[in-house]
Amino acid sequence: MELALIALRQTAVMFLLMGIGWALCRGGKISRDGSRELANLLLYVILPSAILNAFCTEYTAEKSRRLLCAFGLSLAALLLAVLVSRLIFRRHPIDHFGAAFSNAGFMGLPLIQALLGSEAVIYSAPFIALLNFLQWTYGVSVLTGQKGGLTLRKTVTNPILLSLAAGLACFYLRITLPDVLSTTVSSVAAMNSPAAMIILGVYLAQTDLRSLFTAPRLYANAAVRLLLIPGLTLALFGLLPASLREARLALLIAASAPVGANVAVYAQLNHLDYTYASKSVCLSTLLSIGTLPLVIALAGLLWQ
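This report concerns the structure included in the present document. No experiment lies behind these values; they were computed from the predicted model shown. (Residues numbered from 1 in each chain as written. Predicted model: local features only at pLDDT ≥ 70, side-chain atom pairs only at ≥ 80, totals over all residues. Heavy atoms only, no water.)

## Here we look at the packing of aromatic side chains
Here's step 1: The tally for this structure, following the rule as stated, stands at seven aromatic pairs.
Here's step 2: Ring geometry for Y59 against F171: centres 5.2 Å apart, planes inclined by 55°, an arrangement best described as tilted. On the criterion of sequence distance, the pair formed by Y59 in the loop between α2 (32–54) and α3 (61–89) and F171 in helix α8 (residues 159–172) is long-range, its members being 112 residues apart.
Here's step 3: You can call Y59 partly exposed: its relative accessible area is 23%.
Here's step 4: Centre to centre, the rings of F171 and Y172 are 5.0 Å apart; their planes meet at 85°, and the pair counts as edge-to-face.
Here's step 5: Overall, the relative accessible area of 30% leaves Y172 in the partly exposed class.
Here's step 6: Chaining the aromatic ring pairs together yields one cluster made of Y59, F171 and Y172.
Here's step 7: Over the ring of W303 we find R248, and its NZ or CZ is 4.4 Å from the ring centre. (Phe/Tyr/Trp six-rings, centres within 6.5 Å; stacked < 30°, edge-to-face > 60°. Helix = DSSP H or I, 4+ residues; strand = E, 2+ residues; numbered from the N terminus. Buried < 20%, exposed > 50% of the residue type's maximum accessible area, 1.4 Å probe, protein only. Lys NZ or Arg CZ within 6 Å of the ring centre and 35° of its normal.)

## Overview of the packing of helix α10 (residues 192–204) against helix α14 (residues 274–302)
Here's step 1: Between α10 and α14, the shortest axis-to-axis distance is 9 Å and the interhelical angle comes to 120°. Comparing the axis directions of α10 and α14 gives the class oblique. As for the relative orientation of α10 and α14, their crossing is left-handed in sense. Two secondary-structure elements touch here, α10 through L200, Y203 and L204 and α14 through Y274, T275, S278, K279, V281 and C282.
Here's step 2: Considered class by class, the residues forming the contact of α10 with α14 number six nonpolar, two polar and one charged. (Axes fitted to C-alpha atoms, helices over the stretch in contact; angles between N-to-C directions. Parallel < 35°, antiparallel > 145°, perpendicular 65-115°, else oblique. Left-handed = near helix turned anticlockwise from the far one by under 90°. Contact = heavy atoms within 4.5 Å. Nonpolar A, V, L, I, M, F, W, Y, C, P; charged D, E, K, R; others polar.)

## A look at the layout of surface pockets
Here's step 1: In this structure, the largest pocket spans a volume of roughly 610 Å³.
Here's step 2: Taken together, 27 residues make up the lining of the largest pocket; nearest its centre are A50, N53, A54, L109 and V121.
Here's step 3: Mapped by element, the contributors of at least two residues to the lining of the largest pocket are α2, α5 (104–116), α6 (124–144), α9 (179–189) and α10.
Here's step 4: Examining the composition of the lining of the largest pocket, we find that five residues originate from one element, α5, more than from any other. (1 Å grid on protein atoms, 1.4 Å probe; cavity = no way out; pocket = protein on both sides within 12 Å on 5 of 7 lines; lining within 4 Å. Points joined across faces, edges and corners; volume = space filled by probe spheres on them.)

## Some thoughts on the pattern of salt bridges
Here's step 1: Under the definition given, this model contains three salt bridges.
Here's step 2: The salt bridge involving E62 is made with R65; its shortest N-O contact spans 2.8 Å. Of the two residues, E62 and R65 are both situated in helix α3; the distance of three residues between them amounts to about one turn of the helix.
Here's step 3: In this structure E62 comes out as partly exposed when scored by relative accessible area, which is 37%.
Here's step 4: Ionic pairing is found between D95 and R217, a salt bridge with its closest N-O pair at 2.5 Å. Taken together, the residues D95 in helix α4 (residues 93–100) and R217 in helix α11 (residues 216–237) connect sequence positions 122 residues apart.
Here's step 5: With a relative accessible area of 1%, D95 lands in the buried category.
Here's step 6: A relative accessible area of 36% means that R217 is categorised as partly exposed. (Salt bridge = Lys/Arg side-chain N within 4 Å of Asp/Glu carboxyl O.)

Shown next as structure tokens:
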């Protein structure tokens with residue numbers, strides 16, 4: 001019941017933030033061009049700051065061990081999600097992208113904190129960093145249909161990878177950012193979820209919401225993202241030793257979150273049907289109120 005209430009609260013916050021974007025667009029305060037510029041701000045400034053901020057923490061041997069463990073498990077979970085999504089939605093780029101990449105930051109983090117405590121958040125940092133990196137590289141190549149999207153030059157110069165490299169350097173080299181810079185990074189990072197949701201609300205203002213519940217493919221996408229991929233992840237992590245219970249549960253939550261809002265952002269930036277992408281985010285978020293508690297309950301029963 002507690003988990004269901006947390007999921008409900010996060011969903012309510014998401015929809016209130018989307019309501020702000022919807023109202024601004026409907027009131028003529030944000031145009032289509034303006035929403036595109038906000039999306040660029042999110043991808044080039046806010047997301048890199050969020051990733052860098054996640055690693056700006058005091059180094060300890062235990063945290064280092066947790067990070068290495070989390071990187072391995074995160075990569076396995078994300079590759080599984082990408083493979084499943086590719087097999088099912090190969091001919092539907094937006095569904096492929098949406099099913100592969102969850103809203104781990106906004107929906108996953110609060111649940112991890114509530115169930116496992118703030119110390120467990122360190123497991124989600126590598127997942128979110130790798131997720132954003134894969135969105136920027138593999139995800140964009142899926143949306144554009146251009147295999148050249150994964151060139152070495154684009155990979156090593158994108159802001160997501162650069163922020164991840166900077167964050168790891170700060171952590172392992174024990175570099176402490178000056179107070180002014182640290183405060184700036186953390187302040188910008190805090191804009192991540194609100195900015196993504198407000199942008200999504202702007203997108204929704206440009207579409208017919210009645211069609212949200214009448215498109216069969218939206219339900220198929222939600223089923224893969226909320227049930228199939230979490231179920232396979234649960235089975236995969238069940239092969240791990242009981243000593244990793246906290247890590248695998250935290251990452252299962254991250255992997256079971258609904259469709260991430262960035263699918264709509266990337267769809268717009270690549271001139272695709274971002275209103276359809278917005279609908280997939282909204283529907284899967286609503287349905288996740290029931291599926292997230294179910295997946296975690298199953299983990300509690302099966303991971304003895």
